[in-house]
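Survey of secondary and tertiary structure
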Amino acid sequence: MNEKDIDRIADKIIERMKNEKEIKTEKQLTPFQKTEKLLSELSLLKGAIDSKNMLIEDLKKEGISIQKKKTEVNVQASKVYLSELEKVENKIEKLEEEIARIENVVNMVERALDTIKNDKYYQIIEMKYFDDLTFEFIAEKLDISERTAKRHKNYMIRQLQLIIFSDDVLKSILN
């Protein structure tokens, strides 16, 4: 091994260390930010559930048409090949698991929202995260200052984060 090889290896090691450090130091979202992100993307999550359900229906129709055809399973001593029908069934099962996971998140957020629905300024959450309106417009519509709108939004987000991310919040308080 010559000096050029050693330099090349050292450069690669340094590059890897830099990349790993960047990955490790990548900013993690706080529970407050995660709550805001969930609220902003709630309708997209619901849309994903609908899309996945439609895909399952299409796959079930495909599975029915495959069943009508004669299917053969190709088996070798070392490998087992799945039939087209089994592949479709596996895709459906995976989609159903994804739907269940997303539905759990959506239900958790909706239950948390139910706990603050009676807040005098709940409309701020709806306008900001579901209607994507500016604080300037929200304040004007509710006849309050922008600062008041932001303050009440932050107060409600803190309440939601305690419900949705209670473990994360406890860790941050105790550390």
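Residues numbered from 1 in each chain as written. Predicted model: local features only at pLDDT ≥ 70, side-chain atom pairs only at ≥ 80, totals over all residues. Heavy atoms only, no water.

**Side note on the overall build of the protein**
Scanning the protein from terminus to terminus reveals eight helices and zero strands. Mapped in sequence order, the helices and strands of the protein form the string α-α-α-α-α-α-α-α. Considering only contacts in the protein between residues 6 or more positions apart, those separated by 24 or more positions represent 68%. Summed over all atoms, the accessible surface of the protein reaches about 13,300 Å², with 51% contributed by carbon and sulfur. (Helix = DSSP H or I, 4+ residues; strand = E, 2+ residues; numbered from the N terminus. Contact = heavy atoms within 4.5 Å. Areas by Shrake-Rupley, 256 points an atom, 1.4 Å probe, with all protein chains shown as cover.)

**Some points on the environment of Ile49**
One can find Ile49 in helix α3 (residues 42-68). Once residues lying within four places of it in the same chain are set aside, the contact partners of Ile49 are Ile99, Ile102, Glu103 and Val106.

**Some remarks on the pattern of salt bridges**
Counted according to the given criterion, the structure contains five salt bridges. Put simply, Lys37 and Glu41 hold a salt bridge, and the shortest N to O gap is 3.1 Å. Assessed through its relative accessible area of 42%, Lys37 is described here as partly exposed. When its relative accessible area of 32% is taken as the criterion, Glu41 is described as partly exposed. Linking Glu110 and Lys46 is a salt bridge whose minimum nitrogen-to-oxygen distance equals 2.7 Å. Taken together, the positions of Glu110 in helix α4 (residues 84-116) and Lys46 in helix α3 put the pair 64 residues apart, joining distant regions of the chain. Classification of Lys46 by relative accessible area gives partly exposed; the value is 35%. (Salt bridge = Lys/Arg side-chain N within 4 Å of Asp/Glu carboxyl O. Buried < 20%, exposed > 50% of the residue type's maximum accessible area, 1.4 Å probe, protein only.)

**What about the packing of helix α5 (residues 122-130) against helix α7 (residues 146-164)?**
Where α5 meets α7, the closest approach of the two axes is 9 Å, and the angle between their N-to-C directions is 95°. As far as their axial angle goes, α7 and α5 are roughly perpendicular. For the pair α5 and α7, the contacting residues are Tyr122, Ile124, Ile125 and Tyr129 in the first and Ala149, His152, Lys153, Met156 and Ile157 in the second. Here the contact of α5 with α7 is composed, by residue class, of seven nonpolar, one polar and one charged. (Axes fitted to C-alpha atoms, helices over the stretch in contact; angles between N-to-C directions. Parallel < 35°, antiparallel > 145°, perpendicular 65-115°, else oblique. Nonpolar A, V, L, I, M, F, W, Y, C, P; charged D, E, K, R; others polar.)

**A short note on the nonpolar core**
Counting 33 residues, the largest nonpolar core has Leu39, Leu113, Ile124, Ile125 and Leu160 as the members making the most contacts within it. Put simply, the parts of the chain that give this core at least two residues each are α2 (31-40), α3, α4, α5, α6 (135-142) and α7. When sequence neighbours within four positions are dropped, the list of residues in contact with Leu113 reads Leu39, Leu42, Tyr122, Ile125, Phe130 and Leu160. (Core = buried A, V, L, I, M, F, W, Y, C linked by side-chain atoms within 4.5 Å.)

**Structural notes on a nonpolar patch on the surface**
On the surface, Leu170, Ile173 and Leu174 cluster together to form a nonpolar patch covering roughly 350 Å² of accessible area. In this fold, Ile173 is placed in helix α8 (residues 166-174). A residue is classified by how much of its surface remains accessible, and Ile173, at 59% relative accessible area, is exposed. (Patch = residues over 30% accessible without salt bridge, like charges linked within 9 Å, V, L, I, M, F, W, Y side chains within 5 Å.)

**Focus on the packing of α2 against α7**
Put simply, α2 and α7 touch, their axes get as near as 9 Å, and they point 95° apart. As summarised for this structure, α2 and α7 are arranged roughly perpendicular, according to the angle between their axes. Contacts from Pro31, Phe32, Thr35, Glu36, Leu38 and Leu39 of α2 reach α7 at Lys153, Asn154, Ile157, Arg158, Leu160, Gln161 and Ile164. Among the residues forming the contact of α2 with α7, the class breakdown is seven nonpolar, three polar and three charged.

**Quick notes on α6**
A turn of α-helix holds 3.6 residues, and therefore any two residues three or four places apart point the same way. If you check which residues of α6 are buried, you get Phe135, Ile138, Ala139 and Leu142. For α6, the arc enclosing every buried residue in end-on projection is 95°, short of the 170-degree limit, so these residues lie on one face. More than 90 degrees from the buried face of α6, the exposed residues found are Glu136, Glu140 and Lys141. If you follow the buried residues of α6, they end up packed against α5 and α7. Phi for Asp143, located one or two positions after α6, is positive at around 60°. (Arc of directions from axis to C-beta.)

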